[in-house]
Amino acid sequence: MSGTQAPGVGRPALVLTGLLLGTVALSAGSGWTVRRDLEGLVGRQGGDLDGWAVFLSCLADPYSTIFVLLPVAAGLAAEHVTRRGDHAELIRHGSRARWLASTTRSSLGRIGALVFAWTLAALMPTAGLPWFAAFQPTAGQMPGSGYLLPHLATSGLSPQALAGAGVILLSTALLTGQVLLATLVALVGEHRQQGALVVAGAMAGPVAILVNFKLAVLPEWLDPACLLLLTPAAHLPGGPWSAVAIWILLAVCCWALLRWQHVLLDTAAALSRVADRLPRVPSGWLTYAAAVVLGLLGLRTVAASWQPATPTLWDCSVTALYTASPEGAGPLLWAFSSIATLGYGYLVLTHLDRAFGPQSLHALLRHGTPRRWVARQVTGPLLGAAALPVVLLAATTTLQAVQMAAAGQPLRLTTADGAASELLPGVTPGALAYQLLVNGALQQLVVVLAVVLVCLLTAASGSALSSDTSRTSLWPLAVLAAFLVASSPGIADHAVLPAGLGGAGHAIGGWPAAMGHTALLGGSAAGLTVAVVVAVRSLRPRHLCSPDRATATALHPAPVRSSL
Amino acid sequence: MSSTATSTHEPTAPRRPAHLTLTSPRRGLASDVRREIRVLLRWPQLTLAAAVVALPSAVGLLFVVPGYALIDELDLSSLLVGSAVPMAFPLLAAALAAPSMASELRHHFLASTRTRTPVRRYLLAKVVAGGLLGFVVFALAALVPIVVSFGVVPHMGLVQFHPDTVLLTAEQVVGTRPGRYTFSQVFAAGPSLGPWLYALLHAGWAGLNGALYTVLPMVLLVVLRSPLLALSAPLLGYHLGSFATALAGWDIFGPLTSVFPFTLAQQPMWTVLVPFTVLLTLTAVLLVSVLRSAPHRDVLS
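No experiment lies behind these values; they were computed from the predicted model shown.

Q: Explain the overall build of chain A to me, please; I cannot follow it from the model alone.
A: The helix and strand inventory of chain A stands at 22 helices and zero strands. Across the 564 residues in chain A, those meeting the buried criterion constitute 49%. At a minimum sequence separation of 6, the contacts of chain A that also span at least 24 residues come to 75%.

Q: Where do I start with the overall build of chain B in this structure?
A: Broken down by element type, chain B carries 13 helices and zero strands. Counting helices and strands in the order they occur from the N terminus, chain B gives α-α-α-α-α-α-α-α-α-α-α-α-α. Relative to its full complement of 301 residues, chain B shows a buried share of 49%. Residue pairs at least 24 apart in sequence account for 74% of intrachain contacts in chain B once pairs closer than 6 positions are excluded. Of the roughly 14100 Å² of accessible surface on chain B, 69% is carried by carbon and sulfur atoms.

Q: How should the nonpolar core be read in this particular structure?
A: Soluble, globular proteins show a tendency: their nonpolar side chains are buried together. Ranked by size, the top nonpolar core spans 145 residues in total, and within it A:L432, B:Y198 and B:L300 carry the most contacts. If near-sequence neighbours (up to four positions away) are discounted, B:Y198 is found in contact with B:L74, B:S77, B:I146, B:Y181, B:F183, B:S184, B:V186, B:F187 and B:F262. With 22 residues, the next largest nonpolar core counts A:F55, A:L56, A:A73 and A:L114 among its residues.

Q: Please clarify how the pattern of salt bridges should be interpreted in this entry.
A: Where charged atoms of side chains with opposite charge meet at close range, the side chains can pair. All names here are of chain B. Per the stated rule, a full pass over the model turns up eight salt bridges over all chains. Residues E36 and R35 are paired through a salt bridge, measuring 3.1 Å at the closest nitrogen-oxygen approach. Overall, the relative accessible area of 2% leaves E36 in the buried class. R35 gets classed as partly exposed once you look at its relative accessible area, which sits at 23%. D72 serves as the salt-bridge partner of R177, at 2.9 Å between the closest nitrogen and oxygen. Separated by 105 residues along the polypeptide, R177 in the loop between α9 (170-176) and α10 (194-223) and D72 in the loop between α3 (43-64) and α4 (73-80) bring together distant segments of the chain.

Q: I keep staring at a nonpolar patch on the surface and nothing clicks. Help me out?
A: A contiguous nonpolar patch, built from B:L55, B:V59, B:L62, B:F63, B:V64 and B:Y68 and spanning about 610 Å² of accessible area, is present on the exposed surface. Mapping B:Y68 onto the fold places it in the loop between α3 and α4.

Q: Can you help me understand the packing of helix α14 (residues 331-355) of chain A against helix α11 (residues 227-247) of chain B in this one?
A: Axis angle and axis distance: for two packed helices, these are the angle between their axes and the distance between the axes, and together they describe the pair. Put simply, α14(A) and α11(B) touch, their axes get as near as 11 Å, and they point 160° apart. Relative to α11(B), α14(A) is oriented roughly antiparallel. In this structure, α14(A) crosses over α11(B), and the sense of that crossing is left-handed. In this structure, α14(A) uses A:L332, A:A335, A:F336, A:I339, A:Y346, A:L349, A:T350 and A:D353 to contact α11(B), whose residues at the interface are B:L228, B:L229, B:S232, B:L236, B:L240, B:F243, B:A246 and B:L247. Residues that form the contact of α14(A) with α11(B) fall into these classes: 13 nonpolar, two polar and one charged.

Q: Teacher, can you tell me more about the packing of aromatic side chains here?
A: Centre-to-centre distance and the angle between the planes together describe a pair of aromatic rings. Residues and elements named next belong to chain B. In this structure the tally under the stated criterion is 14 aromatic pairs over all chains. Measuring from ring centre to ring centre gives 4.8 Å for F89 and F138, while their planes differ by 85°; the resulting arrangement is edge-to-face. Of this pair, F89 sits in helix α6 (residues 89-106) while F138 sits in helix α8 (residues 119-156), placing them 49 residues apart in sequence. The class for F89 is buried, based on a relative accessible area of 0%. Its relative accessible area of 2% is what places F138 among the buried residues. Ring geometry for F89 against F260: centres 5.5 Å apart, planes inclined by 90°, an arrangement best described as edge-to-face. A residue pair is termed long-range when its members are at least 10 positions apart, and F89 in helix α6 and F260 in the loop between α12 (255-259) and α13 (273-293) qualify at 171 residues. Comparing F89 with F260 shows no difference in burial state: the two are buried. Of the aromatic side chains, those joined through ring pairs into one cluster are F89, F138, Y213, Y238 and F260.

Q: Explain the side chain of A:S317 here, please?
A: Along the polypeptide, A:S317 turns up in helix α13 (residues 315-320). By relative accessible area, A:S317 is classed as buried at 0%.

Q: How do you make sense of the side chain of B:R177 when you look at a structure like this?
A: Classification of B:R177 by relative accessible area gives buried; the value is 6%. In contact with B:R177, other than residues within four places in its own chain, are B:D72, B:E73, B:L74, B:F150, B:S184 and B:F187.

Q: Help me understand the UniProt feature "transmembrane region" (unreviewed entry) in chain B, please; the structure alone is not making it clear to me.
A: Residue and element names in this part refer to chain B. Listed under "transmembrane region" (unreviewed entry) in the UniProt record, and renumbered for this structure, are residues 46-71, 77-102, 123-148, 196-216, 228-250 and 270-291. For residues 46-71, the end-to-end C-alpha separation is 34 Å, with 73% helix and 0% strand making up the annotated structure. The span residues 228-250 is 87% helix and 0% strand, and its two end C-alpha atoms sit 29 Å from each other.

Q: Hey, could you run me through helix α2 (residues 29-40) of chain B in this one?
A: Since the α-helix turns once every 3.6 residues, residues separated by three or four places project in the same direction. Residues and elements named next belong to chain B. With twelve residues, α2 extends 16 Å from end C-alpha to end C-alpha; this agrees with the ideal 16 Å at 1.5 Å per step. Where α2 is concerned, the buried positions are D32, V33, E36 and L40. The buried residues of α2 occupy one face: seen down the axis, they fall within an arc of 100°. Exposed side chains of α2 directed beyond 90 degrees from the buried face belong to R34 and R38.

Q: How do you make sense of the environment of A:Q400 when you look at a structure like this?
A: Within the secondary structure layout, A:Q400 lies in helix α16 (residues 370-406). Of the residues examined, A:Q400 reaches a relative accessible area of 0% and is grouped as buried.

Q: Please clarify how the environment of A:T398 should be interpreted in this entry.
A: Its location among the elements puts A:T398 in helix α16. With relative accessibility at 47%, the residue A:T398 sits in the partly exposed group.

Q: I would appreciate a short explanation of the packing of α8(B) against α13(B) in the present structure.
A: Residues and elements named next belong to chain B. Running from N to C, α8 and α13 cross one another at 150°; their axes reach a closest spacing of 9 Å. The orientation of α8 with respect to α13, classified from their angle, is roughly antiparallel. Every pair of crossing elements has a handedness; the one defined by α8 and α13 is right-handed. Across the interface between the two elements, R120, L123, L124 and V127 of α8 pack against L287, V290, L291 and R292 of α13. A per-class count over the contact of α8 with α13 returns six nonpolar, no polar and two charged.

Q: Looking at this structure, I do not really get the confidence of the model for chain B. What am I missing?
A: Should pLDDT be low for a region, the predicted coordinates there are not to be read in detail. All names here are of chain B. For chain B, mean pLDDT is 82; residues scoring 70 or higher make up 91% of the total. Averaged over each element, pLDDT in chain B is lowest for helix α1 (residues 2-9) (43) and highest for α10 (92). Contacts of residues 1-23 to residues separated by more than four positions or lying in other chains number six contacts, the stretch itself having pLDDT below 50.

The rules behind the values
Residues numbered from 1 in each chain as written. Chains lettered and ligands numbered in written order. Predicted model: local features only at pLDDT ≥ 70, side-chain atom pairs only at ≥ 80, totals over all residues. Heavy atoms only, no water. Helix = DSSP H or I, 4+ residues; strand = E, 2+ residues; numbered from the N terminus. Buried < 20%, exposed > 50% of the residue type's maximum accessible area, 1.4 Å probe, protein only. Contact = heavy atoms within 4.5 Å. Areas by Shrake-Rupley, 256 points an atom, 1.4 Å probe, with all protein chains shown as cover. Core = buried A, V, L, I, M, F, W, Y, C linked by side-chain atoms within 4.5 Å. Salt bridge = Lys/Arg side-chain N within 4 Å of Asp/Glu carboxyl O. Patch = residues over 30% accessible without salt bridge, like charges linked within 9 Å, V, L, I, M, F, W, Y side chains within 5 Å. Axes fitted to C-alpha atoms, helices over the stretch in contact; angles between N-to-C directions. Parallel < 35°, antiparallel > 145°, perpendicular 65-115°, else oblique. Left-handed = near helix turned anticlockwise from the far one by under 90°. Nonpolar A, V, L, I, M, F, W, Y, C, P; charged D, E, K, R; others polar. Phe/Tyr/Trp six-rings, centres within 6.5 Å; stacked < 30°, edge-to-face > 60°. UniProt positions renumbered as here; feature names shortened; annotations may be inferred. Expected span 1.5 Å × (residues − 1). Arc of directions from axis to C-beta. pLDDT = per-residue confidence, 0-100.

Have a look at this one:
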C-alpha cells in the first residue's frame with residue numbers, strides 16, 4: 001500500500017458525480033417544463049400527449065442543451081485537463097499531442113455518462129405516457145407534425161437508428177468541443193489569467209449562442225435540435241437531407257480535428273506566443289464589457305415589444321437605458337442598468353483592492369506622499385465613470401443604426417412631432433441626451449465616489465486597506481448593495497435618493513425633471529467629493545501600506561514614553 | 001464508557017491538567033458548533049440579524065403600506081418582505097459569518113487551533129454554526145412579516161384592506177389566495193390552517209436558502225485567496241443569474257425569484273427547487289473538496 005497519493009485523486013469522481021446529478025436535476029426540470037407546455041398545447045388542440053413527443057422535445061430543447069449540457073461538458077473538460085496537465089504527465093507522454101490523445105480517450109467514459117444522464121433526464125417526464133412508435137404524422141398528435149426525423153423515417157430509414165445516430169452525433173460534437181477546450185486550456189494553462197478567460201468564454205459561449213438565436217444572426221442549423229433531426233422541417237431550405245449533409249460535415253470536421261490536432265496545437269502555440277507579447281487585458285474589465293454587450297444584444301430582442309412603428313435612433317437607448325420611472329420599467333431593464341452602472345463600481349472596487357494591497361508600500365514610496373498616490377489611483381476610475389454613459393449611448397445608438405440599416409428603414413433622429421422617441425412623448429432629443437449624458441455621468445460619479453469614500457474611511461478607521469481585510473471588502477460591497485436597492489423602480493420613482501436617476505425614463509418630465517435630477521446628483525457628487533478630499537488629506541501612510549499592525553509599528557514606531 | 005475504552009488502548013502517558021490537554025476525546029462536533037455559535041453571536045452580527053428580521057416589517061408598516069391599496073393579509077405580507085432583503089440577500093447572509101472566518105484566516109488563528117482540534121472538524125463546526133445562524137435569521141426574516149400580517153395587523157387594525165379595488169369581496173379574496181403565489185398553494189388547506197402552513201413553508205425555504213448563502217462565502221474564503229471575491233461572488237452570481245435567466249425567458253428559475261417568488265405568477269412548487277439544487281450542489285462539492293484537502297491547504301496553515 002503506497003503511502004503517497006497522486007494530487008487530486010478522489011476529487012474528480014466527486015466532481016463528476018455532483019455534475020451528473022446536477023445535470024439530471026436541471027434537465028429533468030427543463031423536461032417537466034417542456035411537458036407542461038406540450039400538455040397545454042395538445043390540450044388546446046384536443047389531442048392526446050404521447051411519450052415520444054415529450055422525449056424528443058426534451059432532447060431537442062435548446063435551453064436544456066445550451067444551458068445544461070454544454071457548460072457541464074466544458075466544465076468537465078476544464079477540470080480534467082487541469083488535473084492532468086502537470087509537467088510530469090507531459091514528460092511521460094512525450095508530447096502534448098500524445099498527451100491530448102490520451103486525455104481524449106479517457107474522456108469517452110465521461111461523455112458517455114453525460115449523455116446517459118441527459119437521456120435519463122429526458123425520459124423522466126415521459127413517465128405514464130403512451131409511446132408513439134411508428135413516427136407517423138397523425139392529426140392531433142405532436143411528434144410527426146413537423147420534425148425532420150419523421151420525414152426521414154417515411155423515406156425508409158429506421159427511426160430508431162436515426163435517433164440513436166443523432167445522440168451519437170451529439171456526443172461526438174461534445175467530444176470535439178472538449179478537445180478544443182482541452183487544447184486551449186493546456187496551452188494557456190501556464191497563464192492563469194488567460195486560462196480563466198478561456199474557461200469563462202467557454203461558459204459564456206452558450207449564452208451568446210442563445211442570444212444570437214434570438215437575434216437570428218446565426219443560421220438555423222447551428223441549433224442543437226438540428227443535430228438530432230428535431231428541427232421543424234420548414235426551417236431548413238433543403239429539407240431533411242440538408243440536416244444529413246450537416247451531419248456528414250460535422251463528422252468530417254470532428255475526424256479532421258482529432259486526426260490533425262497537432263496542427264491546431266501548433267497554431268494555438270504560435271498564437272499564444274504572439275499573445276504573450278501583447279499588453280495584458282484585465283479579465284474583469286473584459287468580462288464586464290462582454291456582459292454589457294451580451295446584455296445589449298439580448299435586451300434589444302426582449303424589448304422588441306416596445307418597438308414603435310417608426311423607430312428613431314434614440315429608441316435603442318431608451319429601451320436599453322430606461323431603468324426606472326413612474327411610467328413603467330421591466331425588471332430586466334433595471335437589472336441591465338444595475339449591471340452596467342454598479343458593475344463598473346464593483347470593478348473600481350477590485351482595482352482599489354489590488355492597488356491598496358500589501359504591495360502598495362513600494363508604490364507609495366515611489367510617489368512620495370499618500371495624497372498624490374491615492375489621487376492617482378482614483379482619478380482614472382472617476383474619468384472612466386464620467387465617460388461610461390457616452391460609451392453606452394454610442395453602443396446602443398450604433399446597434400439601433402445597424403438594425404435599421406439592415407431592415408432598410410430610414411435613419412430618423414426624431415419622430416413626426418419632434419419627440420426623441422414615441423416611447424417618450426414630448427421629450428426632445430436635447431433633453432434626452434442631457435439626461436443620459438449629464439445625469440448619467442453624475443450618477444456614475446456618485447457611485448464611484450461613494451465606493452472610494454468608504455474604502456478611505458475604512459482605512460482611516462484603523463484597519464489597513466489590504467486585500468485580505470474583510471472589513472474593506474464588506475463595507476464597499478454594502479454600499480453597492482444599497483445603491484442596488486435604492487435604484488429599484490419602486491424607490492427610484494420618487495427621485496429623493498441619488499440612485500437610479502441616470503436612466504432615460506426619468507427624462508419623461510422634460511427639462512425641469514432633468515434639471516431637478518441634476519441638482520440632486522450634482523449636490524451629492526459635490527458632497528462626496530468634499531468628503532473624499534477630506535479623507536485623502538487625513539490619510540497617513542500606516543493606513544495604506546501596512547498589511548498588519550506589526551508591520552505598521554515597525555514602519556512608524558510609536559513614541560516611547562518614559563515612566564519616569 | 002468511551003473514555004474507559006480509549007484509556008485501555010492508549011499507551012501510558014503522564015497525565016496533564018485539563019487546561020493543557022491538546023485533544024479532548026469527549027469533545028465532539030456538537031461542542032465545537034456550540035462554541036462557534038457563541039463566537040458568532042457578537043454585537044455586529046446580532047445587530048445585523050435584528051435589522052434583517054425586524055426592519056422590513058417596521059419600515060414597511062410605517063412608510064410603505066400607507067401608499068398602497070392592499071386587498072388582504074397575504075398581499076400585505078408579500079409587501080412587508082420588501083425589496084432590500086431580497087436584493088441584498090447573499091450579501092446579508094455573507095455578513096453574518098464570513099467576516100469572522102476571514103479574520104481568523106488572515107490572522108492565522110486557524111493554524112494555531114490545529115494543535116487543539118482537527119482542522120476538518122474545526123472547519124465543519126464553523127460551517128455548521130454559520131449555516132444554523134443563517135437558517136434561523138432568514139427563517140425569522142421571512143416569518144415575521146407573515147406573523148405580523150396575519151397575527152398582529154388584523155387584531156390591532158393597523159391596515160385597512162380594500163378588496164373592492166379588484167372588484168371582489170373580502171370572502172372572495174380569501175378564495176383567491178391558493179392561486180396567487182407559488183408558496184400560497186398551501187392555502188388550499190383551509191383559511192385557519194393555511195396561513196400557518198404558508199408561514200412555516202416560506203420561513204423554512206428562506207431559512208434553507210439563507211443557510212446556503214451563509215455557508216457558500218465561508219467555503220469560498222478557503223478556496224479563493226481574495227476575501228473581496230469570496231464575499232461578492234454569491235451576490236454577483238445571484239443577480240447575474242437572475243438577469244441571465246430572465247433574458248433567456250427562464251425567469252421562473254431565477255435565483256432571486258426562487259427564494260422570494262412574489263414578482264411572478266404562480267408556478268409549480270418544483271420550479272423553486274431547480275436553482276436551489278444548483279446552489280446546493282455547488283456548495284456541497286466545494287465544501288467536500290475543502291474538507292478533503294484542508295490538511296494540505298496553505299491558507300489553513
